[in-house]
Amino acid sequence: MATKKDTQSPALHDADRHDLIRVHGARVNNLKDVSIEIPKRRLTVFTGVSGSGKSSLVFNTIAAESQRLINETYSAFVQGFMPTLARPEVDVLDGLTTAITVDQQRMGADPRSTVGTATDANAMLRILFSRLGKPHIGPPSAYSFNTASVRASGGITVERGAAKTKTVKATFNRTGGMCTRCEGRGSVSDIDLTQLYDDSKSLAEGAFTIPGWKSDSQWTVQVYAQSGFVDPDKPIRKYTKKELQAFLYGEPVKVKVNGVNLTYEGLIPKIQKSFLSKDKEAMQPHIRAFVERAVTFTTCPECDGTRLSEGARSSKIKRISIADACTMEIRNLAEWVRDLKEPSVAPLLAALQQTLDSFVEIGLGYLALDRPAGTLSGGEAQRVKMIRHLGSSLTDITYVFDEPTIGLHPHDIQRMNDLLLRLRDKGNTVLVVEHKPETIVIADHVVDLGPGAGTAGGAVCFEGTVEGLRASGTVTGRHFDDRAAVKESVRKPIGALEIRGASTHNLQDVDVDIPLGVLTVVTGVAGSGKSSLVHGSLPHRSGAAGENVVSVDQRPIKGSRRSNPATYTGLLDPIRKAFAKVNGVKPALFSANSEGACPTCNGAGVIYTDLGMMAGVATTCEDCEGKRFDASVLEYHLGGRDISEVLAMSVAEAEEFFGAGEAHTPAAHRILDRLADVGLGYLSLGQPLTTLSGGERQRLKLATHMAEKGGVYVLDEPTAGLHLADVEQLLGLLDRLVDSGKSVIVVEHHQAVMAHADWIIDLGPGAGHDGGQIVFEGTPADLVADRSTLTGEHLAKYVGA
């Protein structure tokens, strides 16, 4: 018979009481003393308008402190080799577990980095071929396109005992798989000489057509003209063979020009060092345009783009070489590996199989292992990073995701939701920053930040269930069930951009006419060929009347902690000139990176103290009090404000300030208008770019590109990082662009943008080899009525048709 004691539930163990992550008094970036409690082993979604403080709370506070505490468990010696992390500004952080961050930063654009090298799949394949490949050509390095073959021999000195040395002959041999012609890059570059100079002219007549190279004053040009190697008055086409060799390929040598010692170097190596060794995205637009014109990249003729040596390509398993395996779609490669039955490498095959199956499961089966990592979209890169965590045996981890649905078609979002729930069900805490209602709705707990963005945000507006959010009356709650209606009437096109025989990546000889003068949305499941069609065909084209194509892609904007919206958009130039004109001084005085900088902090506003293995400390500069400028500069005023007060203004305040009165500056006002147009009215002009969210950076980039003289605007997922309430403003901006006579082409998955389009081009039907075809062209209303594609089905469901 059971006693009373037996039937009672056991008392809760003390260890089971730690079921919350407690945050008290968080003040990172714009957070205003935020205090919340997040349940462990649950899925919590953080939402709120772009710039409301979501990333500051989740990434810069919770995940950052978890990483810092883990780093402190290592010895002081090991910590010396690790990045130093400062403690976030927060009073109490309790109940943290190990945090794994999966952000949406695109992978590095290093030409040697591929999907295979980024995920260990390539490393496992190399071992597999080194064990089973016939003929056997060497160790795993023999199949690596990043490893060159090296052979060396000679005498080495060996010390044996006191003052006894002996010279011993030694040889060193390493077999690598790198193609010697392209050095493992898969492509070779060719410089078009006709873009560098006009060979019918002499140097004295201004033969160079390189941006910034003027024959009369530019030092670089004077070096060539006065080097003595060529005749400056002879047309380049009449150079002798010897002169042309010295002109194009001459070795570096010292020459005297106007009494100054300078270095002469052939034109080709000079161009390679001056232009090709720099990041193309960081160049000024006219320099970037020159590089794109002058340099052509062609597939390496020796390795046919595989990057591998002939030896590596000759070794095969079941008639498949490692080059063949890397070019296969991953779902097909997974089937090939599954058919390999070799007991001697069974553990390796199992590990490789699990990795490849994870690709398929996460919806990336259409990729190939040789796909350059830099060509992946933000959403694809984030899912590639997820792969190593899917089969992990670790539990009680905190997984932090930054908008995991970015770049996903509505059809693919359910699959992502399933993965997030699986991670939670294994006993992990899953924290997700997200805007899409389809993902917010699966949350166990919701934290809504706001109410506004920037200084108007940083507070918790709601905490609780999804149903509670719907009824809460917050900005997110009010817009949660918003549904855009399909346009009743659409604009008529004024022409068309013809694309014929497009075959980039997986496109299957696509012919399509993209209408001009309207809002066109290109959509389709992830990997169906949208970006390949738009970015692969349009940037090199001009419109019907020769309009330029302005492309705003997903690449992140570059910027250090010294960069801010004013410097990035070019706004600071007219402001500095206005200050200089009114006060009768040089514009350089009003730059914190130039003559006007505070001498103590060099214009940074803070003093950085390096504490070796411990986190460095940033303290506000006592001399300038964080204003970044020398005290004498702050005595100069424009409209009653000094330069530091102007940079502390929000875009909305500055728009009013520079719009009228003494400070009236039309050039500055135009830039501020564009920033306000894209919904960045709350941003401070001097706010460091490093503190901006992903959505803010995307819109800052859009505002900058709007200044370019373009007839056709190509936008790649402009809703990335946008809150439901901000999408409406974006649609208004797109309408204004079209109404002003522009043609707007948007690559997008958001149903509100699709419903608002004048014309839809839907690619598919699937991803990779199963995609690359036009499956629908027409108006949104026709697509909803037709329901013949996955996009049509989801759009019909969205608009309630």
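The structure reproduced in this document is the subject of the present report. (Residues numbered from 1 in each chain as written. Predicted model: local features only at pLDDT ≥ 70, side-chain atom pairs only at ≥ 80, totals over all residues. Heavy atoms only, no water.)

Within strand β6 (residues 150-159), only zero of the ten residues are buried, which leaves it mostly out in the open. Two elements, β6 and strand β7 (residues 165-174), share ten bridges in a ladder whose sense is antiparallel. If you follow V158 over to β7, its bridge partner there is K166. (Buried < 20%, exposed > 50% of the residue type's maximum accessible area, 1.4 Å probe, protein only. Helix = DSSP H or I, 4+ residues; strand = E, 2+ residues; numbered from the N terminus. Pairing = 2+ DSSP bridges.)

Our focus in this paragraph is the sheet that holds strand β15 (residues 429-433). In space, the six strands of this open sheet follow the order β5-β14-β15-β3-β16-β17, with mixed pairing throughout. Looking at strand neighbours, the two that pair on one side only are β5 (99-102) and β17 (459-464), the edges of this open sheet. Taken pair by pair, the neighbouring strands of this sheet meet at an average axis angle of 15°, ignoring direction. Sheet topology places strand β16 (residues 445-450) next to β17; five bridges connect them, and they run antiparallel. Residue G450 lies in a different strand from β17, and its bridge partner there is A459. Those strands touched by helix α15 (residues 410-425) are β3 (43-47), β14 (398-402) and β15, and its axis lies near 150° from that of β15. (Axes fitted to C-alpha atoms, helices over the stretch in contact; angles between N-to-C directions. Contact = heavy atoms within 4.5 Å.)

A word on the sheet that holds strand β25 (residues 743-747). The six strands are arranged β21-β24-β25-β20-β26-β27 in an open sheet whose pairing can be described as mixed. The open sheet has two edge strands with one neighbour each: β21 (549-552) and β27 (773-778). Within this sheet the neighbouring strands show an average axis-to-axis angle of 15°, counted without direction.

With that settled, the discussion passes to the pattern of salt bridges. According to the stated counting rule, one finds 31 salt bridges in the structure shown. Across the pair R22 and E37 runs a salt bridge whose closest N-O atoms are separated by 3.6 Å. Of this pair, R22 sits in strand β1 (residues 20-26) while E37 sits in strand β2 (residues 34-39), placing them 15 residues apart in sequence. With relative accessibility at 35%, the residue E37 sits in the partly exposed group. The salt bridge partner of R27 is D91, with a shortest N-O separation of 3.2 Å. With R27 in the loop between β1 and β2 and D91 in the loop between α3 (76-79) and β4 (92-94), this residue pair connects regions lying 64 residues apart in the sequence. (Salt bridge = Lys/Arg side-chain N within 4 Å of Asp/Glu carboxyl O.)

Further remarks concern the packing of aromatic side chains. On inspection of all chains with the given rule, the structure shows 14 aromatic pairs. An aromatic cluster of at least three residues, connected via ring pairs, comprises Y197, F208, Y224, F229, Y239, F247 and Y264. Over the face of the ring belonging to F145 we find R307, whose NZ or CZ atom lies 4.9 Å from the ring centre. (Phe/Tyr/Trp six-rings, centres within 6.5 Å; stacked < 30°, edge-to-face > 60°. Lys NZ or Arg CZ within 6 Å of the ring centre and 35° of its normal.)

Let us now look at the side chain of D716. You can see D716 is positioned in strand β24 (residues 712-716). Engagement of the side chain of D716 in a polar contact is seen with the side chain of H535, the distance being 3.2 Å. (Polar contact = N/O pair within 3.5 Å; in protein donor to acceptor, adjacent residues only side chain to side chain.)

With five of its seven residues buried, strand β19 (residues 510-516) lies for the most part within the structure. With six bridges connecting them, strand β18 (residues 495-502) and β19 associate as antiparallel partners. Considered in β19, the bridge of L497 is made with I514.

With that out of the way, let us pick up helix α5 (residues 121-132). For α5, spanning twelve residues, the distance from its first C-alpha to its last is 16 Å, which sits close to the expected 16 Å at 1.5 Å a residue. Burial runs high along α5: nine of the twelve residues are buried. Burial in α5 covers these residues: A121, N122, M124, L125, R126, L128, F129, S130 and L132. Packing partners of the buried residues in α5 comprise α4 (115-118), β12 (316-317), β13 (320-321), α11 (322-327), α12 (330-338) and α13 (346-361). (Expected span 1.5 Å × (residues − 1).)

This part covers the side chain of S227. Relative to the elements of secondary structure, S227 occurs in the loop between α6 (219-225) and α7 (241-249). Those residues within four positions of S227 in sequence are excluded, and the remaining contacts are V255 and Y264.

The next subject is the packing of α12 against α13. The contact between α12 and α13 brings their axes to 9 Å, and the two run at 155°. By the angle between their directions, the pair α12 and α13 is classed as roughly antiparallel. The crossing of α12 and α13 is left-handed. Residues I330, R331, L333, A334, V337 and R338 of α12 pack against L349, L352, Q353, L356, D357, F359 and V360 of α13. Partitioning the contact of α12 with α13 into residue classes produces nine nonpolar, one polar and three charged. (Parallel < 35°, antiparallel > 145°, perpendicular 65-115°, else oblique. Left-handed = near helix turned anticlockwise from the far one by under 90°. Nonpolar A, V, L, I, M, F, W, Y, C, P; charged D, E, K, R; others polar.)

Let us look at unusual backbone geometry. Along the chain, K134 connects to P135 via a cis peptide bond; the corresponding omega equals -5°. One can find P135 in the loop between α5 and β6. Of the consecutive residues G764 and P765, the connecting peptide bond is found in the cis state with omega at 0°. Despite not being glycine, N29 shows a phi value in the positive range, around 50°. Look at R787: it is not a glycine, yet its phi comes out positive at around 50°. With respect to the helices and strands, the residue R787 is situated in the loop between α28 (780-786) and α29 (790-799).

This part is about the nonpolar core. Judged by nonpolar contacts, the single largest core of 70 residues is most densely connected at L125, L128, L333, W336, L367, L369 and F401. Filtering out sequence-adjacent residues up to four positions away, W336 remains in contact with F129, I317, K318, I320 and M328. V49, A453, A654 and A668 belong to the second largest nonpolar core, which has 69 residues in total. (Core = buried A, V, L, I, M, F, W, Y, C linked by side-chain atoms within 4.5 Å.)

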